[in-house]
Amino acid sequence: MDKIYFDNNATTPVAAEVLESFLPYYQTLFGNPSSLHWAGSAVKGAIEEARQQVAQLINAHPEEIIFTASGSEGDNLAVLGSCDALRQQGNHVITTVVEHPAVLDTCRYFEERGGSVTYLPVDSHGMIDLHQLEQAITAKTVLISVMWANNETGTIFPIQQIAEIAQRHKVQFHTDAVQALGKVEIDMQKCPVDLLVMSGHKIGAPKGVGALFIRCGTSLTSHIHGGHQEQSLRAGTHNVAGIVAMGKACQLAGQDFFQRVEKLKQLRDRLQYGIMDQIEDVIINGHMESRLPNTLNLGFSFIEGEGLLLHLDMYGIAASSGSACTSGSDAHSHVLIAMSVDKWLLNSCLRFSFGDQNTLEEVDRLLEVLPAIVLKLREMSPMLTSGVDLDDCPYVECCIGHH
Ligand SMILES: Cc1ncc(COP(=O)(O)O)c(C=O)c1O
């Protein structure tokens, strides 16, 4: 049985071309780029080429890119580094309740150290209110941090407008673009973002490498001390192979960008409409227009998402019942709670996220097995067998596949 992987928002397989590009940096090209001899010089150029490739994908200048070890590290540096650098001006941060823990937990840490944070709520589509954002800005606000796209639902935030609001109020603006990179157009010449976080393993590079865009003139204090690598903003011997891979992955993500995005949309829509046609009482979580091309988060009423996930796993199909960071814990998704998803449905949501390696045939295989699994699980569902009247369940009205 061929395995099918629909969990690309958790991580992606390393693309063959990427693997080929970085392997020599574990073998013959093993030098430390900070060394002055031949072994160091041989790899220095590769890092600068990778910096250019990353910059090109977001239309930035190479000197505005520093390499990190992960998206989480980039988020920590952007939030805490901004707050430290700007502490004379204020101690207030504005973010949203649906950020990744790499931002949310960093904001909580900042609060524990005396900072003040406004967490903007979202509506039922996972969207913030720009008027509310602007109202939240005070004389003490030093940073606005809003993700480009949500990892669980795929909802895309109006980053251009938020960046313009931040610019108008002279507040630094950070966006976590880990899930948006390679899937939405990002242009740092047009969009006045100050800090933008990227992660390699979401776009076909290996785990353990990321990048941070820092617009020239942005205030930022380093949080990893030691050597003078990366403009003294991030000490540590370069992960040369990872950085080369990140550069290559960015180059590939930029190639045939629109065809790639179109293909991802096709996969998502095939699954969405296939499910709507065949399965009743399913809702879509997320924004219907402003959303990532590759992400589909669905609530299957009356069944446990984990049960569904395990049944799919028996068919070799991988999906996710939450973000990779909350799976394994009993906690409900903070994103779905913030969107006021009905409590009956919180346990029954699954995320399918597609990648470049996926095919329409794979989606069709999922559609062949999914309706029968859902039917079987519903037959066993205590909610249905104990005679709950469907009309008493408030969420049924908003079910897309209820016919
Ligand atoms: C939106 C978002 N931000 C940050 C991260 C963290 O990235 P990394 O795994 O590289 O630390 C993730 C990973 O799931 C993510 O989805």
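Residues numbered from 1 in each chain as written. Predicted model: local features only at pLDDT ≥ 70, side-chain atom pairs only at ≥ 80, totals over all residues. Heavy atoms only, no water.

1. Quick word on the side chain of Arg 351
In step 1: Relative to the elements of secondary structure, Arg 351 occurs in strand 12 (residues 349–353).
In step 2: Here Arg 351 falls in the buried class, since its relative accessible area comes to 2%.
In step 3: Engagement of the side chain of Arg 351 in a polar contact is seen with the backbone oxygen of Asn 151, the distance being 2.8 Å. (Helix = DSSP H or I, 4+ residues; strand = E, 2+ residues; numbered from the N terminus. Buried < 20%, exposed > 50% of the residue type's maximum accessible area, 1.4 Å probe, protein only. Polar contact = N/O pair within 3.5 Å; in protein donor to acceptor, adjacent residues only side chain to side chain.)

2. Looking at the environment of Gln 27
In step 1: Inspection of the secondary structure puts Gln 27 in the loop between helix 1 (16–22) and helix 2 (38–57).
In step 2: For the pair Gln 27 and Gln 251, spaced 224 residues apart in sequence, the C-alpha separation works out to 23 Å.

3. Quick notes on the sheet that holds strand 7 (residues 195–199)
In step 1: Reading across from one edge, 2-8-7-6-5-3-4 is the order of the 7 strands in this open sheet, with mixed pairing throughout. A strand with exactly one partner marks an edge of an open sheet, and here the two such strands are strand 2 (65–68) and strand 4 (116–120). Across the sheet, the mean angle separating the axes of adjacent strands is 20 degrees when strand polarity is ignored.
In step 2: In the packing of helix 6 (residues 159–168) onto the sheet, contacts are made with strand 5 (141–145) and strand 6 (172–176), and the angle to strand 6 comes to roughly 160 degrees. (Pairing = 2+ DSSP bridges. Axes fitted to C-alpha atoms, helices over the stretch in contact; angles between N-to-C directions. Contact = heavy atoms within 4.5 Å.)

4. Considering the domain arrangement of the protein chain
In step 1: Segmentation of the protein chain into domains returns domain 1 (4–10 + 257–398) and domain 2 (16–254).
In step 2: For domain 1 versus domain 2, the distance between C-alpha centres works out to 29 Å.
In step 3: Looking at the side of domain 1 facing domain 2, the largest losses of area belong to Phe 257, Leu 292 and Met 339, adding up to 25% of the total buried there.
In step 4: Applying the counting rule to domain 1 against domain 2 returns 0 salt bridges.
In step 5: Across the domain 1-domain 2 interface, the total number found is 14 residue pairs in polar contact (both at pLDDT 80 or more).
In step 6: Secondary-structure elements contributing two or more residues to the side of domain 1 that touches domain 2 are helix 8 (257–278), strand 10 (295–300) and helix 10 (334–338).
In step 7: The leading source of residues in the side of domain 1 that touches domain 2 is helix 8, at 5 residues. (Domains from an automatic or database assignment. Buried area = accessible area lost by both parts, 1.4 Å probe. Salt bridge = Lys/Arg side-chain N within 4 Å of Asp/Glu carboxyl O.)

5. A word on helix 9 (residues 305–314)
In step 1: The complete set of buried residues in helix 9 reads Gly 305, Gly 307, Leu 308, Leu 309, His 311 and Leu 312.
In step 2: Tucked into the core, helix 9 has its buried residues touching strand 10, strand 11 (317–318), strand 12 and helix 11 (360–380).
In step 3: Gly 316 lies just past helix 9 and shows a positive phi near 80 degrees.

6. Describing the site of the ligand
In step 1: The immediate surroundings of the ligand are formed by 13 residues, with Ser 72, Asp 176, Gln 179, Ser 199 and Lys 202 found nearest.
In step 2: The side chain of Lys 202 places a nitrogen or oxygen atom 2.5 Å from an oxygen atom of the ligand.
In step 3: Its free accessible area being 390 Å², the ligand has 89% of it covered by the protein chains.
In step 4: A per-element tally of the shell around the ligand places helix 3 (residues 71–85) first, with 3 residues. (Near = heavy atom within 4 Å. Areas by Shrake-Rupley, 256 points an atom, 1.4 Å probe, with all protein chains shown as cover.)

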